[in-house]
Amino acid sequence: MSKDIEEIRALFPVVENWTYLYNGSVHPQPTPVVEAMTDFVRDWSQGGEAAYPAGMDAFLELREGLARLIGGTGSNIVITDSTTTALNLAAQLVAPRPEQNVVLEDLAFMTNTYSWLASGLALADVRFVPEVGGMVRNADLRDAIDAETALVSLSAVSVSSGFRHDLAAISELAASTGVSTLIDGAQAVGVVDIDLAATPLDFVAGTAAKWLMGPAGVGYLHIDDRYLEATPPTTGWLAASNVGDWDLRHMELHDDAMRFQGGLPNFTGIVGTLAAIRFREALGTEFVAARIKHLADYLIGELGELGADIWTPLPDDQRAGIVFFRSDRADEINERLRAERIYCGTFMGGIRCDPSFYNTEADIDRFLAVVAQYL
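Notes on the structure in this doc start here. (Residues numbered from 1 in each chain as written. Predicted model: local features only at pLDDT ≥ 70, side-chain atom pairs only at ≥ 80, totals over all residues. Heavy atoms only, no water.)

**Observations regarding the pattern of salt bridges**
Stage number 1. In this structure the tally under the stated criterion is 19 salt bridges.
Stage number 2. Residue Glu-281 is joined to Arg-68 by a salt bridge in which the shortest nitrogen-to-oxygen separation is 2.9 Å. With a gap of 213 residues between them, Glu-281 in helix H8 (residues 267-283) and Arg-68 in helix H3 (residues 52-70) connect regions that are remote in the sequence.
Stage number 3. By relative accessible area, which is 36% here, Glu-281 ends up partly exposed.
Stage number 4. We note a salt bridge from Asp-297 to Lys-293, for which the minimum N-O separation is 2.6 Å. (Salt bridge = Lys/Arg side-chain N within 4 Å of Asp/Glu carboxyl O. Helix = DSSP H or I, 4+ residues; strand = E, 2+ residues; numbered from the N terminus. Buried < 20%, exposed > 50% of the residue type's maximum accessible area, 1.4 Å probe, protein only.)

Here it is as structure tokens:
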């Protein structure tokens, strides 16, 4: 596929409506993704169950495509409806005892913490490792772990400051302590190089709707081999390897992560996500990652020139595609940005900006021209 930026931008209708710089929140879908879903919905409407084989083929291929993105194995992938569902499934498989604890981080998203605070998995001892300068230090994580720690749950890239964990160090920490690891990869997969073959992690969860450019309603969980024999917390017909026998009285679970699947999956979203992965692979994952890094570098450099209070860590290996700066006028800035048809995020007393590969320096300059009036 051509690497001409204007040709790429022509495949993103969002550029006709917004200078869109919030791609790590909800990434706009390119035309090939929309067309793939439209075609499938038409086939479903015209053929009903006749479209089922194509949907199931896409489901199986998507497992392999997602695995390629993280250096994992397709048979270890569960397709879910969201990151939230994936994280909760992982938590149910770990199933800490009441006397155990879990270690979380202050830079987490609510999804990463609520299952431990207000559900059947709630524990008396939930430990939050504090952030320091927009990052969470490995030494502080290690200090929070003890003999009763069942799980360390972290975001590969923080939804807030944009801090990026060293997953190799997290893998080593888990190996040395015997603690399970649950990584939310929603803000990382598609931007950060993750290789589970080199840096094993027990669980990696994510969504299609962010950097993968897919629709909402599709998530995933990669489960390490040591959990593949676990009893599913819930079951459905897709979990049964003997489903073709139509045996209501006997169920044989799949040997791989299919045992954790439920019922009929979101075929339309799956078809769209698969098209998004094919689109990304046609562009080249290296091109996509390098382009996002270039634009994030440019944005950080220019914000620094303006004297912005940048919360995102500055070293390359401690950040990815998210850039966050703080301002006591964040709400005013965001209101003005929206008025100028520039879309970013605002929360926690600041502005978050996530340029993607289809964006340009001119997009960022438009953003900076507004921000400069308030700094």
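**A closer look at the sheet that holds strand E5 (residues 149-155)**
Stage number 1. On the basis of which strands lie adjacent, the open sheet formed by 7 strands has the order E2-E8-E7-E6-E5-E3-E4 and mixed pairing. Across the chains shown, the open sheet's two edge strands, defined by having one partner strand only, are strand E2 (77-80) and strand E4 (125-129). Here the average twist between neighbouring strands, direction ignored, is 20°.
Stage number 2. Of the strand pairs in this sheet, E5 and strand E6 (residues 180-184) are connected by 5 bridges, and their pairing is parallel. Bridging across to E6, Ser-153 finds its partner in Leu-182. (Pairing = 2+ DSSP bridges. Axes fitted to C-alpha atoms, helices over the stretch in contact; angles between N-to-C directions.)

**Concerning the state of the cysteines**
Stage number 1. As enumerated under the stated definition, the model contains 0 disulfides in all.
Stage number 2. For the unlinked cysteine Cys-344, the closest cysteine sulfur is that of Cys-353, found at 4.1 Å.
Stage number 3. For Cys-353, a relative accessible area of 2% puts it in the buried group. (Disulfide = S-S within 2.5 Å.)

**Considering the sheet that holds strand E13 (residues 350-353)**
Stage number 1. Ordered in space as E9-E10-E13-E12, the 4 strands form an open sheet in which the pairing is antiparallel. Looking along the sheet, the strands with just one partner apiece sit at the ends: strand E9 (309-310) and strand E12 (345-347).
Stage number 2. Bridge analysis of strand E10 (residues 323-326) against E13 gives 4 bridges, and the strand direction is antiparallel. Its bridge partner being in E13, Arg-326 is matched across the sheet by Gly-350.
Stage number 3. Docked against the sheet, helix H9 (residues 285-305) engages E9, E10 and E13, running at close to 15° with respect to E10.
Stage number 4. Each of E10, E12 and E13 is contacted by helix H10 (residues 330-339), which is oriented at about 45° to E13, the strand it contacts most. (Contact = heavy atoms within 4.5 Å.)

**Some thoughts on the packing of aromatic side chains**
Stage number 1. Evaluation of the coordinates by the stated rule reveals 16 aromatic pairs.
Stage number 2. Considering the side-chain rings of Tyr-52 and Phe-267, the 5.5 Å spacing of their centres and the 70° angle between planes classify their relative orientation as edge-to-face. Of the two residues, Tyr-52 sits in helix H3 while Phe-267 sits in helix H8, which places them 215 residues apart along the sequence.
Stage number 3. By relative accessible area, which is 23% here, Tyr-52 ends up partly exposed.
Stage number 4. According to the relative accessible area criterion, Phe-267 is buried, its value standing at 3%.
Stage number 5. Above the plane of the ring of Trp-311 lies Arg-326, whose end atom (NZ or CZ) is 4.0 Å from the centre.
Stage number 6. Sitting over the ring of Trp-18, Arg-341 keeps its end group 3.7 Å from the ring centre. (Phe/Tyr/Trp six-rings, centres within 6.5 Å; stacked < 30°, edge-to-face > 60°. Lys NZ or Arg CZ within 6 Å of the ring centre and 35° of its normal.)

**Quick look at unusual backbone geometry**
Stage number 1. In this structure, Met-213 is a non-glycine residue whose phi angle is positive, near 70°.
Stage number 2. On the secondary structure map, Met-213 appears in the loop between strand E7 (203-207) and strand E8 (219-223).
Stage number 3. With relative accessibility at 0%, the residue Met-213 sits in the buried group.
Stage number 4. Even without glycine at this site, Met-348 takes up a positive phi of about 50°.
Stage number 5. When you line up the elements, Met-348 lands in the loop between E12 and E13.
Stage number 6. Since its relative accessible area comes to 52%, Met-348 is described here as exposed.

**A word on the environment of Pro-30**
Stage number 1. The topology assignment puts Pro-30 in the loop between strand E1 (19-20) and helix H2 (31-47).
Stage number 2. For Pro-30, a relative accessible area of 0% gives the class buried.
Stage number 3. The spatial distance from the C-alpha of Pro-30 to the C-alpha of Ala-308 is 32 Å, given a sequence separation of 278 residues.

**Here we look at the environment of Ile-342**
Stage number 1. Tracing the backbone through its elements, the reader meets Ile-342 in strand E11 (residues 342-343).
Stage number 2. Ignoring anything within four residues of it in the chain, the contact list for Ile-342 reads Trp-18, Thr-19, Leu-21, Leu-337, Arg-366, Phe-367 and Val-370.

**Quick look at the pairing of E6**
Stage number 1. Across the 5 residues of E6, 5 count as buried, placing the element largely inside the fold.
Stage number 2. Neither face of E6 is left uncovered, since the one carrying Ser-180, Leu-182 and Asp-184 and the one carrying Thr-181 and Ile-183 both have all their residues buried.
Stage number 3. Regarding topology, helix H7 (residues 167-177) serves as the crossover connection from E5 to the parallel E6, and that connection is right-handed.
Stage number 4. Of the strand pairs in this sheet, E6 and E7 are connected by 3 bridges, and their pairing is parallel. Across the sheet, Ile-183 pairs through a bridge with Val-204, a residue of E7. (Right-handed = clockwise from strand over helix to strand, strands pointing away.)

Coordinates in, geometry out; function isn't part of it.
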